[in-house]
Amino acid sequence: MNMTVTTYLTYLAVAVPLTIWVARTLSRNGRVFLIDVFDGNDAFADAVNRLLVVGFYLLNLGFVTLFLSLKDPVADASGLFEALSVKLGVVMLVLGGVHLGNVWVFNRIRRRSQADRMTTPPVPPNVVLAPQQPEPPFTYGY
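Residues numbered from 1 in each chain as written. Predicted model: local features only at pLDDT ≥ 70, side-chain atom pairs only at ≥ 80, totals over all residues. Heavy atoms only, no water.

## Let's talk about helix α2 (residues 42-66)
Now for step 1: In this model, α2 (25 residues) spans 36 Å end to end at C-alpha, consistent with the 36 Å of a helix rising 1.5 Å per residue.
Now for step 2: Among the residues making up α2, those that are buried are A45, D46, V48, N49, V53, F56, N60 and V64. (Helix = DSSP H or I, 4+ residues; strand = E, 2+ residues; numbered from the N terminus. Expected span 1.5 Å × (residues − 1). Buried < 20%, exposed > 50% of the residue type's maximum accessible area, 1.4 Å probe, protein only.)

## Here we look at the layout of surface pockets
Now for step 1: Space inside the largest pocket adds up to approximately 260 Å³.
Now for step 2: Lining the largest pocket are 15 residues; nearest its centre among them are L26, G30, L52, H99 and N102.
Now for step 3: Contributing elements (two or more residues each) for the lining of the largest pocket: α1 (3-37), α2 and α3 (77-119).
Now for step 4: Sort the elements by how many residues they give to the lining of the largest pocket and α1 lands first, with seven residues.
Now for step 5: Looking at the lining of the largest pocket residue by residue, the classes come out as nine nonpolar, six polar and no charged. (1 Å grid on protein atoms, 1.4 Å probe; cavity = no way out; pocket = protein on both sides within 12 Å on 5 of 7 lines; lining within 4 Å. Points joined across faces, edges and corners; volume = space filled by probe spheres on them. Nonpolar A, V, L, I, M, F, W, Y, C, P; charged D, E, K, R; others polar.)

## With respect to the packing of α1 against α2
Now for step 1: Taken N-terminus to C-terminus, the directions of α1 and α2 make an angle of 160°; their axes are 9 Å apart at the nearest point. By the angle between their directions, the pair α1 and α2 is classed as roughly antiparallel. As for the relative orientation of α1 and α2, their crossing is right-handed in sense.
Now for step 2: In terms of residue class, the contact of α1 with α2 is built from 18 nonpolar, four polar and four charged. (Axes fitted to C-alpha atoms, helices over the stretch in contact; angles between N-to-C directions. Parallel < 35°, antiparallel > 145°, perpendicular 65-115°, else oblique. Left-handed = near helix turned anticlockwise from the far one by under 90°.)

## Here we look at the packing of aromatic side chains
Now for step 1: Under the counting rule described, the total for this entry stands at two aromatic pairs.
Now for step 2: Relative to F44, the ring of F38 lies with its centre 4.7 Å away and its plane at 85°, an arrangement referred to as edge-to-face.
Now for step 3: For the ring pair F63 and F67, a centre distance of 5.3 Å and an interplane angle of 15° mean the geometry is stacked.
Now for step 4: You can call F63 partly exposed: its relative accessible area is 24%.
Now for step 5: Assessed through its relative accessible area of 23%, F67 is described here as partly exposed.
Now for step 6: Sitting over the face of the ring of F67, K87 holds its NZ or CZ atom 4.0 Å from the ring centroid. (Phe/Tyr/Trp six-rings, centres within 6.5 Å; stacked < 30°, edge-to-face > 60°. Lys NZ or Arg CZ within 6 Å of the ring centre and 35° of its normal.)

Listed below in structure tokens is the structure:
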């Protein structure tokens, strides 16, 4: 087997499990964050979490497969490590970028929902006051 094929197989053997591990970790630990974003609605948070995992897999595994090809054939072991370091480094940067993008979007949603909560009083008022009548303008007795 030539070194280029070995590079491809090693790249896939590392990149695919790495993507799966990151998706599972984000899904498991992100659930608490999503529940907070969606005001304690567990079912909705879980559904969004599953959809995010599917999208994460599609995006990142699609990128991993598109980024598989090499410009030059790999001739030796040092070329294998050089090619793998570039390829896996870019895959990790993309995984991190997608993760940060998701966190940023959901943090914006969370802030908006918290701002809406702050404008609503925690309990309804007990008494409704009648509107006060404006006082007549002051006259000097003329």
